[in-house]
Amino acid sequence: MTETEIQSPMPARKVTPIWSIEFDLRPILLLPAIALVALPLVGTPSTWLTLTVAGLAMGMIIFITASGLTLVFGLMDVLNFGHGLFIAFGAYVAVATLGPLVNWTGSPELWRNLVALGCAMLAAMIAAAALGAAFERIIVRPVYGKHLKQILITMGGGIIGEELIKVIWGPSQIPLPLPEALRGAVSLGDASLSRYRILAVVIGLVVFAVLAWTLNRTKLGLLVRAGVQDREMVEALGYRIGRLFVGVFVTGSALAGLGGVMWGLFQQNLVPQMGVQVNVLIFIVIIIGGLGSTTGALIGALLVGLVVNYVGFVFPVLTQFASIGLLIAVLLWRPQGLYPVVNR
Amino acid sequence: MLRRLLSNDMPGSRILAVLLVLLVVGLAFGPFLVPGVKAINVAAKVLIFIVLVASFDLLLGYTGIVSFAHTMFFGIGAYGVAIASSVLEPGWQSVAAGMAMALALSCVLAFVIGLFSLRVRAMFFAMITLAVGSAFASLASQLSDLTGGEDGLTFSVPRIISPGFEFAKPLLGVAMDGRLICYYLIFGLTLVLVLAMLRIVNSPFGRVLQAIRDNEFRAEAIGYPVVVYRTMAAVIAALFACLAGGMLALWLKYNGPDTSLSMEIMVDVLLIVVIGGMGTIYGAAIGAAIFIIAQNYLQDLLALGNNAASSLPAFAALLSPDRWLLWLGLLFVLSVYFFPTGIVGTLRGTPERKH
């Protein structure tokens, strides 16, 4: 045989892992760029540091809630307008869990607080996962592939869920106080960094690390990523993408529940409408990131968190439009989002 | 003549025709049939919602795109009239000026949102409008110098439609005052606007919209620029919603975030369109009437059920009149499953679309 190389008509598309050189770094560089631009606008470096940590914390929380939604969309082309329900439900379950643990949350010892918080988060994740499984079975499964119906019926499911939350926990605002040792702030030079926000950043990083590891280093993650790229091909190779999808949906719901607890602690009170409110932010984030992309969702969430906090400080009136302005700017730059998923 | 007036879009079902005639007659003579303040308020709200819901149906039912910012345009219309009437001298000029400003703003906003988000995928439109709509609602409550914030604006309407204006002795026990004139003004406007929308959806333009809804690629392939048509549909729907908002402000002599901008109204509109029947203007009319009447009178029924079930607290909480949206949401989900064409579609025997 001669050394003729069989050239495929099209070069195979390489999936670039985040650590490779070819990885598109420009969206990530956007983060420090925005932070630097904000520095002279904010003025004092200490305020800037406080705002930056707040923004990163908020971004991390949004990312946790958004990651499930964007994967579900990427994998199955299902956009869940009822995703906010899991967020609200998780937060309310956390309130119910933290109620009896008042001795532990009220204790000044940090480890007791963290254990109580851990219990609440675990309970919220389990409850949200169970709700997610039911939601997928009853609401989402009958409308695969029908976009209009999906939007309508997941919205309907969200409305019913919100009303049920009102039935169980009442329609008015209920407080979700931070555990004793997590209140207050740590001062770093002139800047004061809220303890809870630092914790939120840490939890966010852990969740992202676990997600990234699962997606990039396990067989399961490989299948999910392959499914996002080309669902039919994965099916043709003999994998039951339906089951995979249910798994991703339930995991996404659990993460939304976790995010709900963190969001509730961030705001320190809960309203039944919180799901819809957070959902708005999540949608912005996943559009910015590129629908279906986890890395994009992370960058998008951090961008939104930073921009909302800076703008909220510099031009308070424009806070509500900060995230939308960012969305428009990003889409003008990259109409498919920061990290477009190829086949969509 | 009637066929011409209805743009050749006949009800197509005897029951539907009867229902529509009942609706028109009921609304036309409503203030005399059921005297009382509550009845006339409900009737006016039905009229306004018919326009609002039908305009939403232009988007959802006829063009196949979902907007969650529809109440934004409703609110712009209402705020336009309210702000102009409270800043300028109250009178028809300021109402007209406010309405014109509101229409211009709605037109520009709808155009920009549509052009921006309909370019990519229809689903983007749903997500982006949700974001824009909620941002606008909170902006309206923040700009309290202009909009009155959470408290809203109370203003005076032109004298001829204000309750203090009595032009004749009471007839059949109904006061002949400006309120009644206002009601019939809204009635007339609603009739004209609904017929106009019927005309739009049955025009060649409306057919293109339906073609896009049924098969986007094919419509594009035949040579209709999908983005342009969708954006035009979004603008037209926004203008009608804006007019409905203006009527609401005139009727209430008040406007605030909760009356015209809130997410609850958006949800109501969505429920009405789907339950009434997507893709039919008549569905919007029937749906709005049933919904608003149910909202105002069925809650009393739920209250009865609540009292009856008071021995079982958990069950009673489900039947509380405040939780009526729960039952409506269930009805909504069930109707998306089992009656995807809604009341009107079921009456007409329209087959379900394939997607």
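Residues numbered from 1 in each chain as written. Chains lettered and ligands numbered in written order. Predicted model: local features only at pLDDT ≥ 70, side-chain atom pairs only at ≥ 80, totals over all residues.

Examining the overall build of chain B
Okay, so step 1: Per the secondary structure count, chain B includes 17 helices and two strands.
Okay, so step 2: Relative to its length of 355 residues, chain B is compact, with a C-alpha radius of gyration of 20 Å against a globular reference of 20 Å.
Okay, so step 3: The principal-axis extents of the C-alpha atoms in chain B amount to approximately 60 × 55 × 50 Å.
Okay, so step 4: By residue count, 48% of the 355 residues in chain B fall in the buried class. (Helix = DSSP H or I, 4+ residues; strand = E, 2+ residues; numbered from the N terminus. Rg over C-alpha atoms; globule rule 2.2 N^0.38 Å. Buried ≥ 20, exposed ≤ 12 C-beta atoms within 10 Å, placed from the backbone.)

Description of the overall build of chain A
Okay, so step 1: A count of helical and extended segments in chain A gives 13 helices and four strands.
Okay, so step 2: Relative to the 2.2 N^0.38 estimate, which gives 20 Å for 344 residues, the radius of gyration of chain A is 21 Å and therefore close to what a compact globule would have.
Okay, so step 3: Within chain A, the proportion of its 344 residues that are buried is 50%.
Okay, so step 4: The contacts of chain A with a sequence gap of at least 6 include a subset with a gap of at least 24, amounting to 78%. (Contact = placed C-beta atoms within 7 Å.)

Here's the deal with the confidence of the model for chain A
Okay, so step 1: On average, residues of chain A score 82 in pLDDT, and 92% of them are at 70 or above.
Okay, so step 2: Scored below 50 in pLDDT, residues 1-13 of chain A shows one contact in the model against residues more than four places distant or in partner chains. (pLDDT = per-residue confidence, 0-100.)

Considerations on helix H6 (residues 147-169) of chain A
Okay, so step 1: Spanning 23 residues, H6(A) covers 32 Å between terminal C-alpha atoms, matching the ideal 33 Å at 1.5 Å per step.
Okay, so step 2: Count one or two residues on from H6(A) and you reach A:Gly170, which has phi positive near 85°. (Expected span 1.5 Å × (residues − 1).)

Notes on the interface of chain B and chain A
The parts lose accessible area when they come together, and the size of an interface is often stated as this lost area.
Okay, so step 1: The interface of chain B with chain A comprises 33 residues on the first partner and 30 residues on the second.
Okay, so step 2: Contributions of two or more residues to the side of chain B that touches chain A are made by helix H6 (122-142), helix H13 (263-276), helix H15 (313-318) and helix H16 (324-338) of chain B.
Okay, so step 3: Here the side of chain B that touches chain A takes 12 residues from H6(B), the largest share from any one element.
Okay, so step 4: Of the residues in the side of chain B that touches chain A, the class split is 25 nonpolar, six polar and two charged. (Nonpolar A, V, L, I, M, F, W, Y, C, P; charged D, E, K, R; others polar.)

Some remarks on the packing of helix H3 (residues 37-63) of chain B against helix H14 (residues 281-308) of chain B
All names here are of chain B.
Okay, so step 1: Packing of H3 against H14 leaves a shortest axis separation of 8 Å and a crossing angle of 140°. Here H14 runs oblique to H3, going by the angle between their axes. Every pair of crossing elements has a handedness; the one defined by H3 and H14 is right-handed. Side by side, H3 and H14 meet where Val42, Lys45, Val46, Phe49, Ile50, Val53, Ala54 and Asp57 of the first sit next to Ile281, Gly283, Ala284, Ala285, Gly287, Ala288, Ala289, Ile292, Ile293 and Asn296 of the second.
Okay, so step 2: The residue inventory of the contact of H3 with H14, partitioned by class, reads 13 nonpolar, three polar and two charged. (Axes fitted to C-alpha atoms, helices over the stretch in contact; angles between N-to-C directions. Parallel < 35°, antiparallel > 145°, perpendicular 65-115°, else oblique. Left-handed = near helix turned anticlockwise from the far one by under 90°.)

With respect to the pairing of strand E3 (residues 191-194) of chain A
All names here are of chain A.
Okay, so step 1: For strand E2 (residues 185-188) and E3, the ladder comprises four bridges, and the chain directions are antiparallel. The partner of Ala185 across the bridge, within E3, is Ser194.
Okay, so step 2: Here E2 folds back onto E3 in antiparallel fashion, the turn holding two residues, of which Gly189 has a positive phi close to 65°. (Pairing = 2+ DSSP bridges.)

A closer look at the packing of helix H2 (residues 45-76) of chain A against helix H8 (residues 219-229) of chain A
Residue and element names in this part refer to chain A.
Okay, so step 1: The contact between H2 and H8 brings their axes to 6 Å, and the two run at 60°. When the axes of H2 and H8 are compared, the pair comes out oblique. Every residue of H8 that contacts H2 at Leu71, Gly74 and Leu75 is listed here: Val224, Gly227 and Val228.
Okay, so step 2: Class assignment for the residues of the contact of H2 with H8 results in four nonpolar, two polar and no charged.

Looking at the nonpolar core
Okay, so step 1: Formed by 231 residues in total, the largest nonpolar core has its most connected members in A:Val285, A:Val304, B:Ile48, B:Ile50, B:Val53 and B:Ala288.
Okay, so step 2: In terms of residue count, H2(A) provides more of this core than any other element does, 19 residues in total.
Okay, so step 3: Excluding residues that lie within four positions of it along the chain, B:Ala288 makes contacts with B:Val46, B:Phe49, B:Ile50, B:Val53, B:Ile272 and B:Gly276. (Core = buried A, V, L, I, M, F, W, Y, C linked by C-beta atoms within 7 Å.)

Brief notes about the environment of B:Leu146
Okay, so step 1: In this structure, B:Leu146 sits in helix H7 (residues 144-147).
Okay, so step 2: Considering only alpha carbons, one finds B:Leu146 and B:Ser55, 91 residues apart in sequence, at a separation of 27 Å.

Notes on unusual backbone geometry
Working note: non-glycine residues mostly have negative phi, and peptide bonds are mostly trans.
Okay, so step 1: With a phi close to 65°, A:Gln268 is a non-glycine residue in the positive phi region.
Okay, so step 2: Mapped onto the secondary structure, A:Gln268 falls in the loop between helix H10 (241-267) and strand E4 (269-270).
Okay, so step 3: Classification of A:Gln268 as exposed rests on a count of 12 C-beta atoms within 10 Å.
Okay, so step 4: Positive phi, close to 55°, is recorded for B:Lys253, a residue that is not glycine.
Okay, so step 5: Here B:Lys253 is to be found in the loop between helix H11 (226-252) and strand E2 (254-255).

Some words on the environment of A:Phe89
Residues and elements named next belong to chain A.
Okay, so step 1: Counting through the fold element by element, Phe89 comes out in helix H3 (residues 83-98).
Okay, so step 2: Taking the C-beta count within 10 Å as the criterion, Phe89 has 28 such neighbours and is therefore assigned buried.
Okay, so step 3: As for Phe89 and Ala212, which are separated by 123 residues in sequence, their C-alpha atoms are 26 Å apart.
Okay, so step 4: Setting aside anything within four residues of it in sequence, one finds Phe89 in contact with Ala127, Ala128, Leu131, Gly161, Ile165, Gly257 and Gly260.

Focus: H8(A)
All names here are of chain A.
Okay, so step 1: The complete set of buried residues in H8 reads Leu223, Val224, Gly227 and Val228. The buried residues of H8 occupy an angular sector of 135° when projected down its axis, which confines them to one face.
Okay, so step 2: Elements in contact with the buried residues of H8: H2, helix H7 (195-217), helix H9 (231-236) and H10. (Arc of directions from axis to C-beta.)

Some details on the confidence of the model for chain B
Residues and elements named next belong to chain B.
Okay, so step 1: With 93% of its residues at a pLDDT of 70 or more, chain B has an overall mean of 83.
Okay, so step 2: At the level of individual helices and strands, chain B shows its lowest average pLDDT in H15, which scores 68, and its highest in H11, which scores 91.
Okay, so step 3: Overall fold confidence for the complex sits at a pTM of 0.83, while the interface term, ipTM, reaches 0.78.

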